[in-house]
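Each chain, letter by letter, is given below.
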Amino acid sequence: MEEIASVETGLPPAPGAQRYLSLALANSSVALPGGHSVDLLGSPAAANEWLSERDLAPAGTDMREMCAGQLRALREQVRSLLASRAAGLPALPAAVSAINDALTRAPTAPLLHWDDTTGPYRAAPHPTTQVVEHALATLAADAADLLTGPDAERLTACGSSPCNRFLLRHGRRHWCSTRCGDRARAARAYTRRTGRTAD
């Protein structure tokens with residue numbers, strides 16, 4: 001699949017992606033018609049921008065390729081879990097382990113600190129070197145919440161080929177966007193009219 005990392009998808013967020021960060025993460029790599037794709041985490045700068053837009057990292061973080069790679073690896077594990085849940089299939093143990101590993105990377109409880117001038121206070125440890133670990137833990141927790149919560153029943157994959165995005169279904173809608181819905185309806189009309197499947 002040819003990758004077009006510098007081009008925006010032009011697609012609105014899939015239904016549910018604004019509520020669940022993990023759904024937005026899963027949809028950060030988009031398959032487009034013609035064998036093209038867009039990876040919104042394709043470079044360290046793009047990964048930092050994606051995280052900062054969702055308040056998961058400061059805008060000026062000096063993201064390295066290793067950190068961006070960890071984010072992309074978590075995305076693939078989240079995608080695997082969402083696909084398993086949407087299809088009603090067992091999850092791959094490696095995907096479950098990856099989520100649990102990310103969940104335990106960063107402390108979630110604010111720790112007690114003591115300042116000699118102002119006294120005690122609580123704050124979550126968040127040094128710059130652990131920005132990605134905190135982002136991964138937050139995204140993993142969100143994925144676990146989605147997969148175990150009531151919205152999991154509405155989770156589905158976009159019904160328009162070649163789209164690879166996930167969404168939370170509303171009614172009979174199985175498309176992540178109007179564009180995908182139009183493409184699916186056009187393909188069905190073509191098949192009815194010609195008896196052949198559209199490419």
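Residues numbered from 1 in each chain as written. Predicted model: local features only at pLDDT ≥ 70, side-chain atom pairs only at ≥ 80, totals over all residues. Heavy atoms only, no water.

What follows concerns the overall build of the protein chain. Along the protein chain, the regular secondary structure elements total six helices and seven strands. Helices (α) and strands (β) of the protein chain occur, in sequence order from the N terminus, as β-α-β-β-α-α-α-β-β-α-β-β-α. Taking all 199 residues of the protein chain together, the buried fraction comes to 39%. Long-range contacts, defined as pairs at least 24 residues apart, comprise 54% of the intrachain contacts of the protein chain with a sequence gap of at least 6. With an accessible surface of roughly 11100 Å², the protein chain has 54% of that area assigned to carbon and sulfur atoms. (Helix = DSSP H or I, 4+ residues; strand = E, 2+ residues; numbered from the N terminus. Buried < 20%, exposed > 50% of the residue type's maximum accessible area, 1.4 Å probe, protein only. Contact = heavy atoms within 4.5 Å. Areas by Shrake-Rupley, 256 points an atom, 1.4 Å probe, with all protein chains shown as cover.)

Another aspect to go through is the nonpolar core. Membership of the largest hydrophobic core comes to 35 residues, with the highest contact counts inside it found for Leu23, Leu51 and Leu82. Those elements that place two or more of their residues in this core are helix H1 (21-26), helix H2 (44-53), helix H3 (65-87), helix H4 (93-103), helix H5 (131-148) and strand E7 (166-168). Here this core gets nine residues from one element, more than from any other, and that element is H5. Residues in contact with Leu82, not counting those within four places in the same chain, are Leu23, Ala26, Leu146, Leu147, Leu155 and Phe166. (Core = buried A, V, L, I, M, F, W, Y, C linked by side-chain atoms within 4.5 Å.)

As a further point, take the pairing of strand E5 (residues 119-123). The sheet contact formed by strand E4 (residues 111-115) and E5 spans five bridges and is antiparallel. Bridging across to E5, His113 finds its partner in Tyr121. The turn joining E4 and E5, which pair antiparallel and follow one another in sequence, is formed by three residues. (Pairing = 2+ DSSP bridges.)

In this section: the environment of Cys180. For Cys180, the location among the structural elements is in helix H6 (residues 178-194). Measuring from C-alpha to C-alpha, the distance between Cys180 and Gly159 comes to 7.9 Å, with 21 residues separating the pair along the chain. Apart from the residues within four sequence positions on either side, Cys180 is in contact with Cys158, Ser160, Cys163 and Trp175.

Among the residues of H4, Ala95, Ile99 and Ala102 are the ones counted as buried. The arc that holds the buried residues of H4, viewed along the axis, is 65°, so those residues lie on one side. Turned more than 90 degrees away from the buried face of H4 sit Pro93 and Ala94, all of them exposed. Summarising the contacts, the buried residues of H4 are in contact with H3 and H5. (Arc of directions from axis to C-beta.)

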